[in-house]
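# Architecture and fold: a report
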Amino acid sequence: MEFVLKYGHMEKDMDSPARGLPLPAPAKAGGNYLSAKRVGQLLFLSGVISTDDQGVLTGTVGADRTPEEGYAAARRCALTQLAVIQQAVGSLDAVESIVSLNGYVNAVPGFADTPKVINGASDLLIEVFGEPGRHVRAAVGVSALPRNAIVEVQMTVLLREGY
Amino acid sequence: MEFVLKYGHMEKDMDSPARGLPLPAPAKAGGNYLSAKRVGQLLFLSGVISTDDQGVLTGTVGADRTPEEGYAAARRCALTQLAVIQQAVGSLDAVESIVSLNGYVNAVPGFADTPKVINGASDLLIEVFGEPGRHVRAAVGVSALPRNAIVEVQMTVLLREGY
Amino acid sequence: MEFVLKYGHMEKDMDSPARGLPLPAPAKAGGNYLSAKRVGQLLFLSGVISTDDQGVLTGTVGADRTPEEGYAAARRCALTQLAVIQQAVGSLDAVESIVSLNGYVNAVPGFADTPKVINGASDLLIEVFGEPGRHVRAAVGVSALPRNAIVEVQMTVLLREGY
């Protein structure tokens, strides 16, 4: 199932073209937890792993995956998070800004380019939301991710007043 | 030293039986930090490692520990966090809901079932608090935890108005 | 480029001497993200890696780096975060308290002393801010950090009313 992304903030970011990016299905929780939980205007999102239409994008950067494949996987995580947000609050128009992002990369010991991988998620968010999409983050390499995914991305989002 | 858990939200969740779970001693900080810090109605909790009455539950899932032992260790982490909350705000009745949980599993490279391990913590929280216990989370595998613990669990909690 | 730390909270913590610690240059983002983002009175900071005047402090604790070198690296991370805060809000006087800190240590599998390493950051924050510098935290060992840094430290800070 695919959704078409209705680009938010058209009024605010007139320079940014609508992109009509296709959104994947929102993540189904792989355990006993929620995909999103709201506290006031903050929307906390669970970590989502890298998937495409065929299933989980698996592997280890520096072993059977390149940094470029990692970047693409991180971008997929961010797309899934957009679908989660849309499902949680009805529309991406509700997003005031992206606050923070924690990116975990399934990587070989000593892999030094986790930021380049996680840029795949950050670039997508800035593409979609413009400046309000810029966020703080941490990007670390770990030895094991759920279902052997290449990347996991966790986020916190600020919602606009009125949503 | 053990506390008896007085089940919170009896008025709200009449269907949930009180459980009288024994609570462990709250975690003593293993470094120069606090176990809990409050900002408004949010209570931030430090990561706690898996322990039982005998001390730290140590080991690596996929090597000398099974996923089931990891699940039990994660449950112990959540129990300790309940004791930390009780100590910090006086009663588990103060808990409006569990917002988020980050679970770190000491696991061999490529271990794919971190969510099943961290369910040990999530299941316990839902058992104790019912629906308000449901939370967002991330579950990742790491190569090293304090005192070689099997699991570390970090949480953020929303407190009820009036507490 | 170095800044001199103007010690905050002189009125509040009369016992604490001003320290005149030299601050490093604030971190330049190593990817497409912000160093700091504010939501209300909370200031979220990106993870910063360990650096000194010569560049990145690299290596793996338990392999080519000792825990003491890790401690010193964590302290450097916290110093950089002070410079980030100063740049973001104009002065360290704006800091009401340090809320939380996540410390990632580049460590060999099974390294059990991540808390001792991350104390390097926690000790510095308490040295500078006194009791309000005490925070919750998690300290985990990971297999890969950006630019092969020894330590990465991510923080959340509460700002004083009026700032």
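Cut-offs used in this document
- Residues numbered from 1 in each chain as written.
- Chains lettered and ligands numbered in written order.
- Predicted model: local features only at pLDDT ≥ 70, side-chain atom pairs only at ≥ 80, totals over all residues.
- Heavy atoms only, no water.
- Pairing = 2+ DSSP bridges.
- Helix = DSSP H or I, 4+ residues; strand = E, 2+ residues; numbered from the N terminus.
- Axes fitted to C-alpha atoms, helices over the stretch in contact; angles between N-to-C directions.
- Contact = heavy atoms within 4.5 Å.
- Expected span 1.5 Å × (residues − 1).
- Bend = angle between axes of the 7 residues up to and from the residue.
- Buried < 20%, exposed > 50% of the residue type's maximum accessible area, 1.4 Å probe, protein only.
- Least-squares fit on C-alpha atoms with pLDDT ≥ 70 in both.
- Buried area = accessible area lost by both parts, 1.4 Å probe.
- Salt bridge = Lys/Arg side-chain N within 4 Å of Asp/Glu carboxyl O.
- Polar contact = N/O pair within 3.5 Å; in protein donor to acceptor, adjacent residues only side chain to side chain.
- Nonpolar A, V, L, I, M, F, W, Y, C, P; charged D, E, K, R; others polar.
- Core = buried A, V, L, I, M, F, W, Y, C linked by side-chain atoms within 4.5 Å.
- Parallel < 35°, antiparallel > 145°, perpendicular 65-115°, else oblique.
- Left-handed = near helix turned anticlockwise from the far one by under 90°.

### Describing the sheet that holds strand S7 (residues 95-106) of chain B
The strands that make up a sheet pair up through hydrogen bonds in the backbone, lying either parallel or antiparallel. All names here are of chain B. One open sheet holds the five strands; their spatial order is S3-S4-S9-S7-S8, and the pairing between them is mixed. In the strand order of this sheet, the two ends are held by strand S3 (36-39) and strand S8 (136-142), each with one partner. Taken over all neighbouring pairs, the strand axes of this sheet differ in orientation by 15° on average, direction set aside. Relative to the sheet, helix H2 (residues 114-129) contacts S7, S8 and strand S9 (151-159), its axis offset from that of S7 by approximately 160°.

### Here's the deal with H2(B)
Residue and element names in this part refer to chain B. Taking 1.5 Å as the rise per residue, H2 with 16 residues should run 22 Å; its terminal C-alpha atoms sit 23 Å apart, in good agreement. The sharpest bend along H2 measures roughly 35° and falls at Gly120. Counting buried positions over the 16 residues of H2 gives 13, a clear majority of the element. Positive phi appears at Gly130, one or two residues downstream of H2, with a value of about 70°.

### Description of the relation of the copies chain B and chain A
For the pair chain B and chain A, the best superposition has an RMSD of 0.0 Å and corresponds to a rotation of 120° with a translation of 0.0 Å parallel to the axis. Such a combination of rotation and displacement between the chain copies is what one expects of a three-fold axis. Distance from the rotation axis, computed per C-alpha, reaches its smallest value in chain B at B:Val142: 3.2 Å. Little of the interface of chain B is mirrored in chain A, where only 10% of its interface residues again form contacts.

### A few points about the interface of chain C and chain A
Between chain C and chain A, the residue contacts involve 23 residues of the former and 30 residues of the latter. Looking only at chain C, the three residues that lose the most surface to chain A are C:Asn32, C:Lys37 and C:Ser143, adding up to 30% of its buried area. Viewed at the interface, chain A and chain C are joined by zero salt bridges. Connecting chain C to chain A are 16 residue pairs in polar contact (both at pLDDT 80 or more). By residue number, the principal contributor to the side of chain C that touches chain A is strand S4 (residues 42-49) of chain C, which donates four residues. Residues that form the side of chain C that touches chain A fall into these classes: 11 nonpolar, nine polar and three charged.

### Topic: the pairing of strand S3 (residues 36-39) of chain A
All names here are of chain A. Two strands pair when backbone bridges link them, and S3 and strand S4 (residues 42-49) are joined in this way by four bridges, in the antiparallel orientation. When the sheet's bridge partners are listed, Val39 is paired in S4 with Leu42. Connecting the antiparallel pair S3 and S4 is a turn made up of two residues, with Gly40 showing a positive phi of about 60°.

### Here we look at the nonpolar core
Residues and elements named next belong to chain A. Leu82, Ile85, Val151, Met155 and Val157 are the most contacted members of the largest nonpolar core, which totals 40 residues. Secondary structure elements with two or more residues in this core: S4, helix H1 (67-89), strand S7 (95-106), helix H2 (114-129) and strand S9 (151-159). When residues of this core are assigned to their parent elements, the largest contribution, 10 residues, is made by H1.

### Remarks on the packing of H1(A) against H2(A)
Any two packed helices are characterised by the angle at which their axes cross and by the distance between the axes. Residues and elements named next belong to chain A. It is the contact of H1 with H2, at a shortest axis distance of 6 Å, that shows an interaxial angle of 40°. If you check the angle between H1 and H2, you find them oblique. Where H1 crosses over H2, the two elements pack in a sense that is right-handed. Only Lys116, Val117, Ile118, Asn119, Gly120, Ala121, Asp123, Leu124, Leu125, Glu127, Val128 and Phe129 of H2 make contact with H1, whose side of the interface consists of Pro67, Gly70, Tyr71, Ala74, Arg75, Ala78, Leu79 and Leu82. Residues of the contact of H1 with H2, tallied by class, amount to 13 nonpolar, three polar and four charged.

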